Amino acid sequence: MASLLARWLYSLALRLLTPVYLARLWWRGRAEPVYRKRIGERLGYYEHKPRRGKGGVVWVHAVSLGETRAAAPLIDALRREFPGMRLLLTCSTATGVQAGLELLKPEDDQAWFPYDTPGAVFRFLKRYRPAVGVIMETEVWPNMMAEAQRRHIPMVLANARLSARSQRKGRRLAVLLVPALLAFTRVLAQTARDAQRLREMGARMVEVCGNTKFDITPPAKLLARGHEWRHALARNVVLMASSREGEEEGLFEAWKGLPEPRPLLLVVPRHPQRFDDVADMASRAGFIVARRSQWRDKPPAEQGAADVWIGDSMGEMPTYYAMADVALLGGSFAALGGQNLIEAAACGCPLLMGMHTFNFEEAAQLAVDAGAAARMKDIGSAVRRAAALVVDPRRNEWVEQALAFAGQHRGANERMAQRITMLLTGLDSGR
């Protein structure tokens, strides 16, 4: 009874906040126009009819860019296990939508994930009628899970992770989150620690399958482009990968403290709407700045004289890792939990990270143990270590250790695809 009352109050709050939510989408659309497209889908109203065919609809929700990239090899594995499937891919962010376009086949659909009001999720599930739903990593929505359970749609939380910090926060909303977790037919966790925390939060049928991000293979074309740029530059390169707000000022201040000649500093902000702000910040710090958006296939020769490059493009992270001698992990030098560090290892790029990696704690520790990464106390010490590492002959050992680390933990996607396909074919009753 308490959980029903909590969900009713939660739903009432969402309904009252709907105008604010829509206004926020419109505001974000100033910098990223895709947010203003098909806004009705956020409320469960769809202009286009879903594609129909003989295969069952496998719904995969990947909230943003990182989850969409992680979902790519899982979707490939699902297509191998269940060749007749038709994909419905939902995202919540512009970067996720853009990345998701590359994963679609002609018979597939893509839509915005609906706002978690009872009406919106009812219309969404009635419209697309998925045979199974796969939610990536950490997304747990009370009304969506309740409606899926009412419709007897098996739901899987795939590549699931739950940090100790998120678990503490989740306990404050246990009356809402526990019923939602119980509604999952299967929970496929990244690590044993994630599995234990999810069980403690109330999840059932939890199994450790590994991290899908280890199965991501960087596109050879992008890696080759990065190597080509690095060769043309004839300069050492330090990359700040997926930098977050609150990190760049300290980075630029520490960079100015290095003796000249300095390596090229390549900064790739995590969020596209911050590209201009970070470029302006670098200019105000006194650096000569070049931007990736200023050229097409390869940088003009004069760009090699810049102090700082801003990687203001989408989908080119493997290129940036390939051209870098060493990378700093964004999100780990402020209390933000870090970013996916596996992609750097798969590209053979040595990695330095800060103390805040609670979103990827086990992968971070495994990388340190394997010699693929090192942990630094702050951005200043990381900058100094990076500047020394680019000319250190032992860097080659880091490269080999990074590649070996990335290759040791593959196979999660096949394991998860097999579990999901069993639900599709009726071989697994779930409970």
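This text goes with the structure placed above it.
As the structure is a prediction and not an experimental result, all values here were calculated from the model. (Residues numbered from 1 in each chain as written. Predicted model: local features only at pLDDT ≥ 70, side-chain atom pairs only at ≥ 80, totals over all residues. Heavy atoms only, no water.)

J.: Lay out the sheet that holds strand S6 (residues 186–189) in plain terms, naming residues and giving numbers.
T.: Strand order in the open sheet formed by 7 strands is S3-S2-S1-S4-S5-S6-S7, and the pairing between neighbours is parallel. At either end of the open sheet lies a strand with only one pairing partner, and these are strand S3 (109–112) and strand S7 (206–208). Neighbour-to-neighbour, the strand axes of the sheet open up by a mean angle of 20°, direction not taken into account. Note that strand S1 (residues 57–61) and strand S4 (residues 132–136) share 4 bridges and pair parallel. Within S4, the residue paired with Val58 across the bridge is Val132. (Pairing = 2+ DSSP bridges. Helix = DSSP H or I, 4+ residues; strand = E, 2+ residues; numbered from the N terminus. Axes fitted to C-alpha atoms, helices over the stretch in contact; angles between N-to-C directions.)

J.: Would you mind going over the pairing of S1 in detail, with residue names and values included?
T.: Judged by how many residues are buried, S1 sits mostly within the fold: 5 of 5 residues are covered. Neither face of S1 is left uncovered, since the one carrying Val57, Trp59 and His61 and the one carrying Val58 and Val60 both have all their residues buried. With 5 bridges connecting them, S1 and strand S2 (residues 86–91) associate as parallel partners. Across the sheet, the residue bridging to His61 is Thr90, located in S2. (Buried < 20%, exposed > 50% of the residue type's maximum accessible area, 1.4 Å probe, protein only.)

J.: Run through helix H1 (residues 2–28), naming residues and quoting values.
T.: Across its 27 residues, H1 extends 36 Å between first and last C-alpha, which sits within 8% of the 39 Å expected from 1.5 Å per residue. Along H1, the sharpest kink reaches roughly 50°, centred on Leu17 and followed within four residues by the proline Pro19. Taken together, the buried residues of H1 touch helix H4 (118–128), helix H5 (142–150) and helix H7 (174–182). (Expected span 1.5 Å × (residues − 1). Bend = angle between axes of the 7 residues up to and from the residue. Contact = heavy atoms within 4.5 Å.)

J.: Tell me about the sheet that holds strand S12 (residues 326–329), residues and numbers included.
T.: The strand order S10-S11-S9-S8-S12-S13-S14 describes an open sheet built from 7 strands, whose pairing is parallel. A single partner strand is all that each edge strand has here, and the edge strands are strand S10 (289–291) and strand S14 (373–375). Direction aside, neighbouring strands of the sheet carry axes that sit 20° apart on average. Sheet topology places strand S8 (residues 237–243) next to strand S9 (residues 264–269); 6 bridges connect them, and they run parallel. Each residue of the ladder has a partner; that of Val237, found in S9, is Leu264. This element, helix H14 (residues 361–369), spans strand S13 (351–353) and S14 of the sheet and lies at about 110° to S14. Helix H15 (residues 379–389) rests against S8, S12, S13 and S14 of the sheet, and its axis sits at about 170° to S12.

J.: Any details on the side chain of Glu248? Residues and values, ideally.
T.: Among the structural elements, Glu248 can be located in helix H10 (residues 248–256). By relative accessible area, which is 1% here, Glu248 ends up buried. Within polar-contact distance, the side chain of Glu248 engages the side chain of Ser243 at 2.7 Å. A polar contact is formed between the side chain of Glu248 and the side chain of Arg274, at a distance of 2.8 Å. For Glu248, the residues in contact, after removing those within four places along its chain, are Ser243, Val267, Arg274, Val278 and Met281. (Polar contact = N/O pair within 3.5 Å; in protein donor to acceptor, adjacent residues only side chain to side chain.)

Nothing here speaks to function; it is all geometry.
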